[in-house]
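# Commentary on secondary and tertiary structure
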Amino acid sequence: MISSLSFINQKGEILIYRVYKDDISRNEITQFCAKMIATKENKEFPIINIDQTSFIHISIKDIIILATTKTDVNVAMVLEFLYQLSKICKSYFQGNLDENCIKKSFVLIYEILDEVLDYGIPQIADPNLLQKFIQEGGVQQETTINIEKLRQLTFTLTGVVSWRPIGLYYEKNELYLDIIESVNLLISAKDTVLRAEVVGSIELKSKLTGMPECQIGMNDKLLMGKQQKQTKQTIGISIDDMKFHPCVRLPKFDKDRTITFIPPDGHCQLISYRISENINIPFKVNVFYSEIIDNKLEIRLKIKSIYDNNIYGTNVLVKVPVPKNTVNAITATALGKARYEVEEQSVIWRIKKFQGDFETSLRCEINLGTTNKDQVWSKPPLKMEFQIPMFTASGLRVRFLKVMEKAGYKTNKWIRYLTKGGEYLHRL
Amino acid sequence: MLFELPDKIGKAFGNGTLSIQSSKNNKLAELINSKYTEDIVEAIRMLYCQYLQNKDLTLYMSRIINLLPREDLELKKLCQILISEFAAQPNARTSKSQGDVLILATAPIFKDLTNQNTSIKLNALKTLSSLRIQELTPMLFTAIRKIQSDKNPLVRRSVALSILKMHDMCSDDVQPDDYNDIINFLLKDTHQTRLYAIYVIFKITGDLQILHKYYFQLIKDLLNFNSFDLERALQLLYQYSVMYFKEGDKDLIKLLDACEILLRLPYPSIVLAISKIYLQFPQETRIKKLIRTVVKFLNIGSESKFIILQMLHQFALSYPQYLKEHYRALTILQIEKLYCKLLKLEILSLLIDENNFNNILEELLYQARSNQPQLVAVAVKLLSKTTIKFPKFIKRTIKSLLDILKTGSSDTKNHVIASFCNLISTQESKLPLLAICLQNIEDISDIRYKATVIKLLRLEIGQIPTIVAESLRKLSLTFSQQHENVKYEILLLSHQLQAINQEQHIELLNQYIMTLAKFDSSLLVRDLYRTLSKSIEFKESFVQEEENVAPSLEMQKLPIGSLSHLVGMHLPGLNLPSYLNEDTSDKRKVEIQVPPQKVEQSQQQQQQQQQQPKSQKQQQQTQQVENKKEILKRVEEDVKKHYQNLDQVLNDFFTD
């Protein structure tokens, strides 16, 4: 149980302080601020224990949200709650949460704190639902007076389908599904793959009437394996780790690997997954650093795209790190533009459109200034960013998407695929 | 220790428009007595500011209480929050006058409890239960009884919590008879209220007998809870399982199976709660799955990563065999926070074996070249540790360390030399490594390592007298600029060299160093000079750097993932009830024998086997040391006598 919550600024001054239990004193919080935040000592660690009091905090921009407790709690739960709280505050302040916002509407935050926690136990923590209880400028009069509406709200909160309110209506029923994957790749200086994984998520945006039940089918190896005998389709991919939004019926998935759910209204992350086997790595990179003379460095870079040639990669950006004492860089490339950027300490090569199955190269001549030789260049890794629409590095495909509702209306469904470069690194 | 500090709370608001200077106080009084709601709300805002600045609000309390019966919802709510915050202040709890003010507030709030609007009812209940007025508790329980069957589940849930609040805040006046019937009523409610009721019982009594009846129901409900309630339910089930289950119980397996499904939820807190249960009743397959799930959370961007890594660290210590296959997921990324990098390195070094040695070594070497000094220190230290563990790869490691030595910064060089020193003590052929250290001795900025190198040189003096002489000559050139510890070592080296090699030039060198020591600024050096000049052979004290034993026994007892484990101390709330050996139901008497885990046994055997050659080596080493000791014993006695005499002389001198 959380004993107190505070919002603190960078100087260690407390903006909001709300106490939930009697076991904590103001003095302890002040001391923590003076010792830890103002001096920036140990600020990196999210959990600090001083004299039996545990201080658990997160930083959001220039604000630190601090929870204290004296008992043994589930720290991950407290951290989750703090992030959720920041999300709630952001939803009230148009996506911002900074010192000015808090100073301006601190009374509103007090109201929020009163709703989200009771005696240190998290209560309502869904920004959408909470916004129906409290609105900017105070408690929303209309909803609270309309008792019938409020009853619906509270039943939603405490019921089994707590994520979806009853009685939704849309003229056009639409369902959007985005499969977004980011490729994390780490290649050592000797060109061995140290780490290769795809972290993907299926984002859902629903505008559906009533209480529809949806079902998604993917080319999941385990599911396909079961059906293969009947349909003789190709073998799917193996998805090792999947995490689901609470709306997904987990026992059903465990039983027959079908994903059924009643979608929350609006946007949510339905599934997140991680795949580390048989990944289609979209780009192959080769780098050569060679010192021509003492103050001159030559970098040659070769990139090859390894996806179908009817697919295009967009916004490809390659960050080639150069030493600190670089004076200027002469670049030569056939595709895109490359130039030396001082703030980034790297040559940045931008390619707007990169066709599949295509190879291109970059040659840079770096002029170095004279420098103290003791400072050795630490050679940060080469970084790559990209976006490839209609391509999934894992090979995941949605085979079907069904919406079932009593009313039997027609739904417009949209499915998009996108692969992004996550931590796409090549050590030098 | 805590000490008084100027109260900074609310200081950020400065002395601007919301300050409470005397002139402003008039404005506040004017606003709070105004007819218009907007003015009053503004006044309440000001009062919140005063509260933040730790100002006494007693003066305004009666006016705020008068505002409670108003229809305006926002105003009502703000007043209620302010009253409950006022009640929470330590002054309000101790001072009678402030407590009396709060009694005034009860009448309008009691009235609100009968309001039709759920929101008003809820807030009234929250405020009433946080007033901490002992005299009111019987009345409050009567009022709660009236609303316990409220149509709204949110209110019923709040009823359960308010019982806990009152019990904690006025424990003397609350008797079990007061609330038992209410709790029993709530237990028959929907899943969420039932959970709250069970939770309250557990918090008040510390017992979970009630769960005998609701155990299966709670497991069934697990999937219907939101993440925070689910965490609470799992916490209760964990406590229950510790109290009433033995490993392999049929009913326990149902809980473990239910948890397995929950591992697919995207919340680290749930996985943490489940891991507690799994580790209490370890089963090979389940632990494997758990580790897999925990590894999945490594991509998390929030501070929870720290907890995840701490868990993995513990897993790497207790179940390295299952974590090894995931070692690639632990590769360090540049953008990660330093503490994550350090923890990852530690974990990787624990997972190292002959199959993944190359990759992990490469990772360690890469991090050793980083520009973060702390990371370099840890990486180099782990490198030497792993080399000692895997002597097969020593050449490769030494080569890589040499590369780092050539290119690294001065801090890095210090760490590399330190790890070389560590390596020297474990190797049979010490000279090549010692030569490297000697080559770089000028670059070592850390005095500890410099002194250690000289000490190591002293130990090998018999084998390489000419090299020692040459090094000593070089060191003597910069003698006066060295730190006293280094001077101390140089002095000893020179003395020892002279003892075994009495050529003229060595004697001259020794004389030169002795002269420098005689007039040195450091007392320690001068003292040593005096002892040596009386040609008493000096016994050096061997202080070997103790290796950090990773987790202490205390640490291992604490459940992984709990806050107590993270901060390394036993926090209240973790007091695990001792095992109750009574069987709670006839069904649970059926015992399933779980076969003992082979893997753990073999590990123990391996450890024992590893310990045997170690102990042999240790014996050899101790013999050598004992031999040396015997020789030095006589000298030591001489020194003792010398000092005893000195003590006596001094004593006599002062007593006279």
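Below: a short report on this structure. Every chain is numbered independently, its residues counted from 1 as its sequence is written. To read the labels, note that chains go from A and ligands from 1, taken in the order they are written. Per-residue local features are limited, in this predicted model, to residues with pLDDT of at least 70; the limit for side-chain atom pairs, both in listing and counting, is 80 or more; totals at the level of whole chains, interfaces and linings are taken over all residues. Side-chain numbers come from the whole structure's heavy atoms, not from hydrogens or water.

## Digging into the sheet that holds strand S24 (residues 398–404) of chain A
Residues and elements named next belong to chain A. In this scheme, strands are said to pair when DSSP sees at least two bridges between them. We count a stretch as a helix when DSSP gives it H or I for four or more residues in a row; a strand needs E for two or more, and each element gets its number in order from the N terminus. Strand order across the open sheet formed by 3 strands is S14-S12-S24, with antiparallel pairing between neighbours. Sheet topology places strand S14 (259–261) and S24 at the edges, where each strand pairs with a single neighbour. Geometrically, the sheet is characterised by an average inter-axis angle of 15° between neighbouring strands, direction not taken into account. Here an axis means a line fitted to C-alpha atoms, over the contact stretch when the element is a helix, while the angle between two N-to-C directions is reported on a 0 to 180 degree scale.

## Topic: unusual backbone geometry
All names here are of chain A. The backbone of Gln-52 sits at a positive phi, close to 75°, despite the residue not being glycine. Among the secondary structure elements, Gln-52 is positioned in the loop between strand S3 (47–50) and strand S4 (53–60). One non-glycine residue, Asn-278, lies in positive phi territory at about 50°. For Asn-278, the position within the fold is in the loop between strand S15 (266–275) and strand S16 (283–293).

## Some thoughts on a positive patch on the surface
Where like charges cluster on the molecular surface, the positive patch consists of Lys190(A), Lys379(A), Arg369(B) and Lys399(B). Its place among the elements puts Lys399(B) in helix H22 (residues 394–407). Only protein chains enter the calculation, and the probe is 1.4 Å; a residue is then buried if its accessible area is under 20% of its type maximum, exposed if over 50%, and partly exposed in between. The class of Lys399(B) is exposed, set by a relative accessible area of 59%. The patch calculation keeps residues exceeding 30% relative accessible area without a salt bridge and links them within 9 Å when they carry like charges or within 5 Å when they are nonpolar (Val, Leu, Ile, Met, Phe, Trp, Tyr). For the accessible areas, the method is Shrake-Rupley and the probe is 1.4 Å, while residue cover comes only from the protein chains on display. The term salt bridge refers to a pairing of a side-chain nitrogen on Lys or Arg with a carboxyl oxygen on Asp or Glu at a separation within 4 Å. In this tally Asp and Glu are treated as negative and Lys and Arg as positive; neither His nor the chain ends contributes. The atom standing in for a charge is NZ when the residue is Lys, CZ when it is Arg, CG when it is Asp and CD when it is Glu.

## What to know about the packing of aromatic side chains
Aromatic contacts are taken between Phe, Tyr and Trp rings whose centres are within 6.5 Å, Trp giving its six-membered ring; a plane angle under 30 degrees counts as stacked, one over 60 as edge-to-face, and the others as tilted. Evaluated as defined, the whole model comprises 18 aromatic pairs over all chains. Summarising the aromatic geometry, the rings of Tyr240(B) and Phe245(B) are spaced 5.6 Å apart at their centres and angled 90° between planes, so their arrangement reads as edge-to-face. Assessed through its relative accessible area of 0%, Tyr240(B) is described here as buried. Geometrically, the ring pair formed by Phe306(B) and Tyr339(B) is edge-to-face, given 5.2 Å between the ring centres and 90° between the ring planes. One end of the pair, Phe306(B), is in helix H17 (residues 304–318); the other, Tyr339(B), is in helix H19 (residues 338–351), and 33 residues separate them in sequence. What links up through ring pairs into an aromatic cluster is the set Phe283(A), Tyr307(A), Phe354(A), Phe358(A), Phe386(A), Phe391(A) and Tyr424(A).

## Here we look at the environment of Asn309(A)
All names here are of chain A. With respect to the secondary-structure elements, Asn-309 resides in the loop between strand S17 (296–305) and strand S18 (312–321). Exposure remark for Asn-309: the relative accessible area of 46% places this residue in the partly exposed category. Sequence separation of Asn-309 and Gly-356 is 47 residues, and the distance between their C-alpha atoms is 3.8 Å. If sequence neighbours within four positions are ignored, Asn-309 has contacts with Gln-355, Gly-356 and Asp-357. Residue contacts are counted whenever heavy atoms from the two residues lie within 4.5 Å of one another.

## Some thoughts on the nonpolar core
With 288 residues, the main nonpolar core has Leu5(A), Phe7(A), Ile65(A), Leu234(B), Leu312(B) and Phe420(B) as its most contacted residues. Domain start and end points were adopted from an automatic or database domain assignment. There are two domains that each give this core at least three residues, and those are domain 1 (1–132) and domain 2 (435–547) of chain B. Leave out the neighbours within four places in its chain, and Ile65(A) touches Leu5(A), Ser6(A), Phe7(A), Ile56(A), His57(A), Ile58(A), Ile60(A), Leu82(A), Leu85(A), Ser86(A) and Leu97(A). Put simply, a nonpolar core is a bunch of buried Ala, Val, Leu, Ile, Met, Phe, Trp, Tyr and Cys residues held in one set by side-chain atoms that sit within 4.5 Å of each other. Within the second largest apolar cluster, 35 residues are counted, among which are Phe283(A), Ile311(A), Leu368(A) and Phe386(A).

## Observations concerning the pairing of strand S20 (residues 337–341) of chain A
The pairing of S20(A) with strand S21 (residues 346–355) of chain A spans 5 bridges and is classified as antiparallel. Bridge pairing in S21(A) places Glu341(A) opposite Ser346(A).

## So, helix H24 (residues 431–439) of chain B
Of the positions making up H24(B), those classed as buried are Leu433(B), Leu434(B), Ile436(B), Cys437(B) and Leu438(B). The secondary structure elements touched by the buried residues of H24(B) are H22, helix H23 (410–426), helix H25 (447–459) and helix H26 (465–477) of chain B.

## Things to note about empty space enclosed by the protein
Note on definitions: the grid is 1 Å and covers protein atoms alone; a cavity is a set of points where a 1.4 Å probe fits but cannot get out; a pocket is an open set with protein on both sides within 12 Å along at least five of seven lines; lining residues have an atom within 4 Å of a point. Grid points are joined across faces, edges and corners, and a volume is the space filled by probe spheres set on the points. Evaluated as defined, the whole model comprises 11 cavities of 30 Å³ or more. Along the wall of the largest cavity there are 20 residues; nearest its centre are Arg18(A), Asp114(A), Ser84(B), Ser130(B) and Lys165(B). Among the secondary structure elements, those contributing two or more residues to the lining of the largest cavity are strand S2 (14–19) and strand S6 (117–118) of chain A together with helix H4 (73–88), helix H7 (118–129) and helix H9 (153–169) of chain B. It is H4(B) that provides the largest number of residues to the lining of the largest cavity, a total of 6 residues.

## Observations regarding the interface of chain A and chain B
Chain A puts 103 residues into the contact, and the matching count from chain B is 109 residues. Approximately 10000 Å² of surface area, both sides summed, lies buried where chain A meets chain B, with 57% of it carried by carbon and sulfur atoms. Linking chain A with chain B are 5 salt bridges, by the criterion used here. Residue Arg18(A) is joined to Glu85(B) by a salt bridge in which the shortest nitrogen-to-oxygen separation is 2.4 Å. Identification of polar contacts relies on pairs of N or O atoms within 3.5 Å, with a donor-acceptor requirement for protein atoms, meaning one able to donate a hydrogen and the other able to accept it, and with residues adjacent in sequence counted only if both atoms are side-chain atoms. Along the contact surface separating chain A from chain B lie 19 residue pairs in polar contact (both at pLDDT 80 or more). Tallying contributions element by element places helix H2 (residues 75–92) of chain A first for the side of chain A that touches chain B, with 7 residues. In terms of residue class, the side of chain A that touches chain B is made up of 49 nonpolar, 25 polar and 29 charged. Summed over both partners, the accessible area (1.4 Å probe) lost when two parts come together is defined as the buried area. Side-chain classes are defined by residue name, with Ala, Val, Leu, Ile, Met, Phe, Trp, Tyr, Cys and Pro counting as nonpolar, Asp, Glu, Lys and Arg as charged, and the others, Gly among them, as polar.

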